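Below are the chains, spelled out letter by letter.
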Amino acid sequence: MWTFTSDPEEYAAVAEPFLLGDPVGNTVPLTVLANLRAGMPVKDPRFGWWTAGGRVRGAAFRTPPYPVGLAVMPVEAVASLVEALGRDLSTVVGPVELTDEVVRLLGPPARTVSERLYRLGTLRVPDVPGRGRLAAPADFPLLVSWYQAFGDEVGLGEGDAAERVAQRLTRRELFVWEDGGAPVSLAALSQAAGGVCRVGPVYTPPSCRRRGYGAAITAHVSQAGLAGRCEQLVLFTDLANPTSNAIYQAIGYEPVSDYAHITYA
């Protein structure tokens, strides 16, 4: 049975203990909760948890303009979720076995982005010219343009780029790699949620690619996370991009499970 609320704290009180049972698999819903507690603005949110046998065994959330997010849950919970939401799931992200069930119920989506969740094993720091550093307010215009370019490139924007960059700068979540004194790559590192930090987005402008900067900034933020922010690090990749998947594995990230981001017209 699904129960819904618009109150994130009511949702957290019931669902967070369940989510913390698998903080890697539930990195997205846990990070969303952490962001809401940090003051992330949201309009008309909806949070739900699925109970069976008297226990919470699944969770889902909608924080417009972002997709409906699916936590780890049994596949049999999906059908009743779809009905509870009035079959209004224009965009959904979650473990692939759950998004496959959404597709079975609603039909083929207009677009599917296949993703893979990785967890850091043993970090291998690449030898790349330059240095990593925490982003500063002076980087704001450049970071906004890079955030926008990243969203345009992958087709999965994160809402208003300037707003997101401002929030993440304030929370000390953005880092840049610079070479010759100039920023050449960007990576974000979330706050810890259940002891897990998530890396992303990672973006290198086309003119600076194929020089190892993406691997270097990812390794740098991974070191920063382990140095005092979290116990484990994860990231998502687009499976259609073999280059990024190879880069992350080369520095020590190991596959965990597959996810999908599906969009209906």
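Quick note: structure is the one above.
Throughout what follows, the structure given in this document is the object of discussion. Per-chain numbering applies: the sequence of each chain, read as written, is numbered from 1 onward. For a predicted model such as this one, the threshold for reporting local features is a pLDDT of at least 70, and the threshold for listing and counting side-chain atom pairs is 80 or more; totals across whole chains, interfaces and linings nevertheless cover every residue. Just so you know, side-chain values use all the structure's heavy atoms and leave hydrogens and water out.

**A short note on the packing of helix 1 (residues 8-19) against helix 2 (residues 27-37)**
Note the threshold: Note on geometry: axes are lines fitted to C-alpha atoms, helical ones only across the stretch in contact, with angles between N-to-C directions running from 0 to 180 degrees. Secondary structure counts use DSSP, requiring at least four H or I residues in a row for a helix and at least two E residues in a row for a strand, with both numbered from the N terminus. With the far helix as reference, a near helix turned anticlockwise by less than a right angle produces a left-handed crossing, and one turned clockwise produces a right-handed crossing. Throughout, a contact is declared for two residues whenever any of their heavy atoms are within 4.5 Å. Amino acids are sorted into nonpolar (Ala, Val, Leu, Ile, Met, Phe, Trp, Tyr, Cys and Pro), charged (Asp, Glu, Lys and Arg) and polar (every other residue, Gly among them).
Running from N to C, helix 1 and helix 2 point in directions that differ by 145°, and their axes come no closer than 11 Å. Where helix 1 crosses over helix 2, the handedness of that crossing is left-handed. Every residue of helix 2 that contacts helix 1 at P8, E9, Y11, A12, E16 and L19 is listed here: P29, L30, L33, L36 and R37. The residue inventory of the contact of helix 1 with helix 2, partitioned by class, reads eight nonpolar, no polar and three charged.

**As for the sheet that holds strand 3 (residues 55-62)**
Just so we agree on the cut-off: When DSSP finds at least two bridges between two strands, those strands are taken to pair.
Spatial strand order, 1-2-3-4-5-12-6-11-10-9-8-7: 12 strands in an open sheet with mixed pairing. Of all strands in the sheet, those bounded by a partner on one side alone are strand 1 (2-5) and strand 7 (131-134). For this sheet, the mean angle separating the axes of adjacent strands, direction not counted, is 25°. Contacts from helix 6 (residues 161-170) reach strand 8 (174-179), strand 9 (182-189) and strand 10 (196-203) within the one sheet, and its direction differs from that of strand 8 by about 90°.

**Here we look at the nonpolar core**
We count it as follows: Residues grouped as a nonpolar core are buried Ala, Val, Leu, Ile, Met, Phe, Trp, Tyr and Cys residues, joined through side-chain atoms within 4.5 Å. Each residue is placed in one exposure class: buried if its accessible area under a 1.4 Å probe, protein chains only, is under 20% of its type's maximum, exposed if it is over 50%, and partly exposed if it falls in between.
One finds W177, L189, V199, I217, V221, L233 and Y253 to be the most contacted residues of the largest nonpolar core, which totals 24 residues. Looking at this core, the elements with two or more residues in it are strand 6 (111-120), strand 8, strand 9, strand 10, helix 7 (213-228) and strand 11 (232-238). Among the elements that line this core, the one with the most residues is helix 7, at six residues. Apart from the residues lying within four places of it in its own chain, the contact partners of V199 are A188, L189, T218, V221, S222, L233, V234, L235 and Y253. Within the second largest apolar cluster, 18 residues are counted, among which are A60, L81, V82 and L85.

**Some points on the packing of aromatic side chains**
Rules: Pairing of aromatic rings covers Phe, Tyr and Trp, the last counted by its six-membered ring, and requires centre-to-centre distances within 6.5 Å; plane angles under 30 degrees mean stacked, over 60 mean edge-to-face, and any other angle means tilted.
Scanning all chains against the criterion turns up five aromatic pairs. Aromatic pair Y11 and F47: ring centres 4.9 Å apart, planes at 25°, arrangement stacked. In this pair, Y11 sits in helix 1 while F47 sits in strand 2 (residues 46-52), placing the two residues 36 residues apart along the sequence. For the pair shown, Y11 and F47 are each scored as buried. By way of ring pairs, the aromatic residues W146, F150 and Y203 are connected into one cluster.

**Description of the pattern of salt bridges**
Here is the rule: In what follows, salt bridge is the name for a side-chain nitrogen of Lys or Arg lying within 4 Å of a carboxyl oxygen of Asp or Glu.
Enumeration over the complete set of coordinates arrives at 10 salt bridges. Between E16 and R37 there is a salt bridge, with the nearest N and O atoms lying 2.9 Å from each other. A residue pair is termed long-range when its members are at least 10 positions apart, and E16 in helix 1 and R37 in helix 2 qualify at 21 residues. Residue class for E16 comes out buried when judged on its relative accessible area of 19%. Of the charged contacts in the structure, one is a salt bridge between D139 and R133, with a shortest N-O distance of 2.9 Å. Overall, the relative accessible area of 8% leaves D139 in the buried class. Take R133: its relative accessible area is 17%, and that puts it in the buried class. Residues participating in the shared-partner salt-bridge network are R131, R133, D139 and E178.

Function cannot be read off these values alone, since they describe shape.
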